[in-house]
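Architecture at a glance
Here is how the chains run, residue by residue.
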Amino acid sequence: MKKASPFAVIILAAGKGSRMKSAKPKVMHEIAGLPILNWLISRVEGLNPEKIIVVTAPNMNDVIEAAAPHTCVIQKEQLGTGDAVKPAMAALKDFSGKVLVLLGDEPFVDIDILQNMLDTDGPSVMAIEPPSNKGLGRVITDKDFNLVEIVEQKDCDEEQKKITLSNAGNFCFEAKKLTEWLDALSNNNAQGEYYLTDVPKIAQANGVKTKVIKAKTSMIWGINTKSELADHEIFAQMMLRERAMSNGVTMIDPDSVTLSFDTQLDEDVTLEPNVFIGKGVIIAKNVTIHAFSYIEGTEIEEGAEIGPFARIRPKSHIGKKASIGNFIEVNRSIIEEGAKAKHVSYLGDTILGAKSNVGAGTVIANYDGFFKHQSQIGNNVFIGSNSTIISPVIIGDNAIIAAGSNVNKDIPG
Ligand code: UD1
Ligand code: MG
């Protein structure tokens, strides 16, 4: 097999994202708990590029952290997508392969099409016909599907606005040529910006044609507004649920279930309607999460039962066949095998031993107004209803605590 030639990827992520109306850089907004930028990076890593370079703006340290271990370069002023490529090319000055230039606000770009672009001789651009092309550059081609020009919507006349073929925003160029052509860009347009979309015109003036490679999409393309972010969230959730169900998860009303990018669900997990799963959740076989439960940062072992209306907060662990019922909040706690808390309780900073039973209305009072404390409850302990366990205490195995107790001393087993 022919060895693939080395290529680099540049991701433009320095834009202000002003249409998001947010203090956060646009690419740091999350989809299913993962920043837009990281969805794109993880897709592009699948192509095995020699290098991924992310272009960001000054004071966007969170973008630099999110892009790590990939290199970030800084575009000092946001003068347009064409200008943004320049600092990246400076970092690639000794590189002589192809360069894919991608836009950081397009997390679900089709990597098979990117591969087609890499395999095409000469420069190429990805074009789409999305359900709405509001705000997109219009693509004008010749009869052989070579690019004639891309006209940004703001620069379009009324006739050009009717063109449905639109610029997806992704280009492939030879590195050495791109550097030359970028130097010839001007900002003589409606937005006073250096447009990446004008590079093919300069290429053409130098006798090089750009191929238009069409990609299918049923999505709104690119994330410029909160509404487009929500659109992408819907798509990501559909993708995550499909993956979970194909791995053997049962969902009664999939559309009402929210998953996270890293959710791990084993076979025969059942998720009832309106379950929310945040980051860092691992659920083993035969676990049922009843309706309206909210779970984050927790591992749940085989056969456990959660909810309805349970809230499991991060740094918790629910053991085999444990049972956490309605209106229970578990926070930074370990619930061991077969332990039960079935009705209206708060279990914070607690280790609840195997087969222990927590009665209705029990509160582990872990906070004294200044510090959080931990309590340890042994195996086979029975805590009667409406008890308050004032942490820190240790309750020994097999202890029986009468209903309505206030426990502020250790109880031997
Ligand atoms: C861009 C394209 C448009 C295309 C659309 C597809 C240009 C001029 N326009 O428009 O033809 O249809 O994407 O989604 O390329 N960025 C920088 N530095 C800058 C400006 C932008 O890094 O100075 C980054 C942004 O962070 C963003 C990306 O480039 O990730 C695209 O910028 P954006 O302003 O969203 O361009 P669009 O108006 O969507
Ligand atoms: Mg955009």
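Scroll up a little and you will see the structure.
What you see is a predicted model, and the numbers here were worked out from it, not measured in a lab. (Residues numbered from 1 in each chain as written. Chains lettered and ligands numbered in written order. Predicted model: local features only at pLDDT ≥ 70, side-chain atom pairs only at ≥ 80, totals over all residues. Heavy atoms only, no water.)

Once that is clear, we can look at the overall build of the chain. When its secondary structure is counted, the chain shows eight helices and 34 strands. The C-alpha radius of gyration computed for the chain amounts to 28 Å, which surpasses the reference 22 Å derived for 413 residues by more than 25%, pointing to a less compact arrangement than a globule. Projected onto the principal axes, the alpha-carbon positions of the chain cover approximately 90 × 50 × 40 Å. Restricting to contacts in the chain with at least 6 residues of sequence separation, those with at least 24 account for 42%. Element-wise, carbon and sulfur atoms account for 50% of the exposed surface of the chain, whose accessible area totals about 19,500 Å². Of note, the chain has its 42 positive side-chain charges centred 2 Å away from the centre of its 51 negative side-chain charges. (Helix = DSSP H or I, 4+ residues; strand = E, 2+ residues; numbered from the N terminus. Rg over C-alpha atoms; globule rule 2.2 N^0.38 Å. Contact = heavy atoms within 4.5 Å. Areas by Shrake-Rupley, 256 points an atom, 1.4 Å probe, with all protein chains shown as cover. Lys, Arg positive; Asp, Glu negative; His and termini not counted. Charge placed at Lys NZ, Arg CZ, Asp CG, Glu CD.)

So, about the packing of aromatic side chains. Taken as a whole and assessed by the stated rule, the structure comprises seven aromatic pairs. The interplanar angle of 75° and the centroid separation of 5.3 Å between the aromatic rings of W39 and F108 together place this pair among those described as edge-to-face. Here W39 is found in helix α1 (residues 36-45), whereas its partner F108 is found in the loop between β6 (98-103) and α4 (111-119), with 69 residues between them in sequence. Given the relative accessible area of 9%, F108 is considered buried. (Phe/Tyr/Trp six-rings, centres within 6.5 Å; stacked < 30°, edge-to-face > 60°. Buried < 20%, exposed > 50% of the residue type's maximum accessible area, 1.4 Å probe, protein only.)

This brings us to the pairing of strand β7 (residues 124-128). The buried fraction of β7 amounts to five of the five residues, a majority that puts the element mostly inside the structure. Where burial is concerned, the two faces of β7 agree: the one with S124, M126 and I128 and the one with V125 and A127 are both buried. In terms of strand pairing, β7 meets strand β10 (residues 166-174) through four bridges, oriented antiparallel. Among the inter-strand pairings, A127 is bridged to a residue of β10, identified as N167. Relative to strand β11 (residues 211-214), β7 is paired through four bridges, and the arrangement is parallel. Note that in β11 the partner of M126 across the bridge is I213. (Pairing = 2+ DSSP bridges.)

With that settled, consider helix α6 (residues 175-183). Those residues of α6 lying buried are A175, L178, W181 and L182. Taken end-on, α6 shows its buried residues confined to a sector of 125°, consistent with a single buried face. Looking at the buried side of α6, the elements it contacts are α3 (81-91), β6, β10 and α7 (199-205). (Arc of directions from axis to C-beta.)

This part covers the coordination of the magnesium ion (ligand 2). With distances of 2.1 to 2.3 Å, the protein atoms coordinating the magnesium ion (ligand 2) are D105 (OD) and N224 (OD1). In this pair, D105 sits in the loop between β6 and α4 while N224 sits in the loop between β11 and α8 (226-246), placing the two residues 119 residues apart along the sequence. Taken individually, D105 and N224 each receive the classification buried, so the pair is uniform in this respect. (Donors = N, O, S within 2.8 Å, 3.2 Å for Na, K, Ca; no water.)

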